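# Tertiary structure, described
Listed here are the chains, written in short residue letters.
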Amino acid sequence: MSKARETVLEIDLKALKHNYEYIQSKLNSNTKTLAVVKAFAYGSEASEVALFLQNLHVDYFAVAYINEGIALRDAGITKPILVLHPQAINFKTLIERCLEPSIYSTKILKEFIAAATQEKQNNYPVHIKFNTGLNRLGFDKNDVDNVVAITSETSSIKVTSIFSHLAESENLKERDFTRLQIERFKQISDKFTESIGYKPILHLANTSGILNYPEAHLDMVRTGIGLNGYGNSEEENKNLKPIATLKSVISQIHNIETGETVGYNRAYKSEGSQKTATIPIGHADGIGRQYGNKKGFVTINGEKAYIIGNVCMDMIMVDITGINCNEGDEVIIFGNTPNASQFAQSANTISYEIITAISQRVKRLIISD
Ligand SMILES: *Cc1c(COP(=O)(O)O)cnc(C)c1O
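Residues numbered from 1 in each chain as written. Predicted model: local features only at pLDDT ≥ 70, side-chain atom pairs only at ≥ 80, totals over all residues. Heavy atoms only, no water.

## Here's the deal with the domain arrangement of the protein
Where we set the bar: In this entry, domain limits derive from an automatic or database-based domain assignment. Residue contacts are counted whenever heavy atoms from the two residues lie within 4.5 Å of one another. Here the buried area means the combined drop in accessible surface, using a 1.4 Å probe, for two parts upon being joined, counting both sides.
Splitting the protein by domain gives domain 1 (13-229) and domain 2 (244-367). A straight line from the C-alpha centre of domain 1 to that of domain 2 covers 37 Å. Taken together, the 11 residues of domain 1 in the interface contact eight residues of domain 2. Interface of domain 1 and domain 2: buried area, both sides summed, is about 870 Å²; carbon and sulfur atoms make up 65% of it.

## Re the pattern of salt bridges
This is how it is decided: Salt bridges are identified by distance alone: a Lys or Arg side-chain nitrogen within 4 Å of an Asp or Glu carboxyl oxygen. We count a stretch as a helix when DSSP gives it H or I for four or more residues in a row; a strand needs E for two or more, and each element gets its number in order from the N terminus. Relative accessibility under 20% of the residue-type maximum defines a buried residue, over 50% an exposed one, and the middle range a partly exposed one, all with a 1.4 Å probe and only protein chains included.
Scanning all chains against the criterion turns up 13 salt bridges. Arg97 is paired through a salt bridge with Asp74; the nearest N and O atoms lie 2.8 Å apart. Taken together, the residues span a long stretch of sequence, with Arg97 in the loop between α5 (91-96) and β5 (99-103) and Asp74 in helix α4 (residues 66-75) at a distance of 23 residues. The class for Arg97 is partly exposed, based on a relative accessible area of 26%. A salt bridge links Asp219 to Lys199; the shortest N-O distance between them is 2.8 Å. Here Lys199 lies in the loop between α8 (175-196) and β8 (201-203) and Asp219 lies in the loop between α9 (207-212) and β9 (220-223), a separation of 20 residues in the sequence. Owing to a relative accessible area of 25%, Asp219 belongs among the partly exposed residues under this scheme. Taken together, the salt bridges that share partners define one network made up of Glu10, Lys247 and Glu330.

## As for the side chain of His165
Short version of the rule: Residues adjacent in sequence count toward polar contacts only when both atoms are side-chain atoms; beyond that, a polar contact is any pair of N or O atoms within 3.5 Å, and within protein one must be able to donate a hydrogen and the other to accept it.
Secondary-structure assignment places His165 in the loop between β7 (157-163) and α8. A distance of 3.1 Å separates polar atoms of two side chains, one belonging to His165 and the other to Arg222. Those residues within four positions of His165 in sequence are excluded, and the remaining contacts are Lys129, Phe130, Thr132, Leu134, Arg136, Gln181, Leu204, Asn206 and Arg222.

Printed below as a string of structure tokens:
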């Protein structure tokens with residue numbers, strides 16, 4: 001890969017292929033794969049990533065909101081797209097763009113049937129979500145009869161799948177809770193299938209569910225973070241490759257003397273003769289203020305340079321005392337080493353947050369060879 005001349009987020013499609021194949025290696029050949037590409041495919045580049053996965057024959061896509069699904073359709077995605085958190089105000093557009101809603105409450109079910117009927121739809125695919133313990137979105141187990149009764153009264157919609165979501169599949173200390181969720185989902189899906197009279201696709205596992213609970217794979221799995229190269233454990237991270245590398249450059253080097261301060265609010269005060277480098281990436285690019293004041297660091301020519309003082313909107317200053325480097329040199333924020341998970345730990349957060357935080361101002365560079 002060429003050296004960065006500005007702040008860029010490189011997206012490595014070879015790493016994406018590796019991750020997709022690693023996840024496939026964990027599945028039975030008849031288990032379908034749904035790629036979760038919400039939030040710009042976890043901050044990477046949703047269209048390029050989804051088109052690449054479509055060519056690899058992924059079965060399904062999911063996004064959180066309808067506008068994310070529209071962007072995928074505009075980019076040429078023809079596979080089914082599940083919208084995890086649709087709002088009734090957009091149902092007409094959802095139907096026009098052949099997006100498939102997650103239905104999580106009686107209110108939203110009735111609103112969607114009204115919209116599908118109004119748009120003269122027949123057997124429009126919907127996905128019924130059940131709450132098995134996350135207590136975020138989803139019908140209760142006691143709602144099965146009611147959902148089946150309502151959906152059986154209309155020919156406008158058809159239940160393509162029923163699903164639920166695990167609360168802490170990455171935490172092996174909480175195996176009992178995850179097993180309880182799997183068991184609850186099994187009871188719900190058995191009852192649902194029996195009373196509706198046909199078998200919808202059943203899906204429950206996210207990335208850590210795939211890696212830790214083979215019994216939860218069912219008919220389809222949903223993976224987001226795994227495709228991005230993170231497995232929510234050091235062990236699994238070794239089997240995956242981060243697809244995104246955030247790079248920047250040194251804009252300017254300063255020599256400062258004892259007692260001089262750096263940045264806004266003069267938050268850093270030098271205790272000796274020091275060298276600092278200014279880097280063109282700030283909180284408007286996704287590096288939050290919690291990374292400032294020697295919490296977070298960047299890597300320059302293989303060495304750690306801590307962020308000193310407060311993170312500015314467009315810049316950070318780092319301590320490069322003792323590091324052999326020049327203006328124009330490349331700076332790594334995260335990628336392979338450190339990976340986004342390790343970088344995020346410096347500010348007490350997780351890979352999911354830092355990778356999705358990289359703002360749209362940062363240029364995305366697709367690497368495909
Ligand atoms: C985001 C999301 C996923 C993906 O989870 P990962 O841990 O990134 O694999 C799966 N299912 C639902 C319902 C989600 O909201």
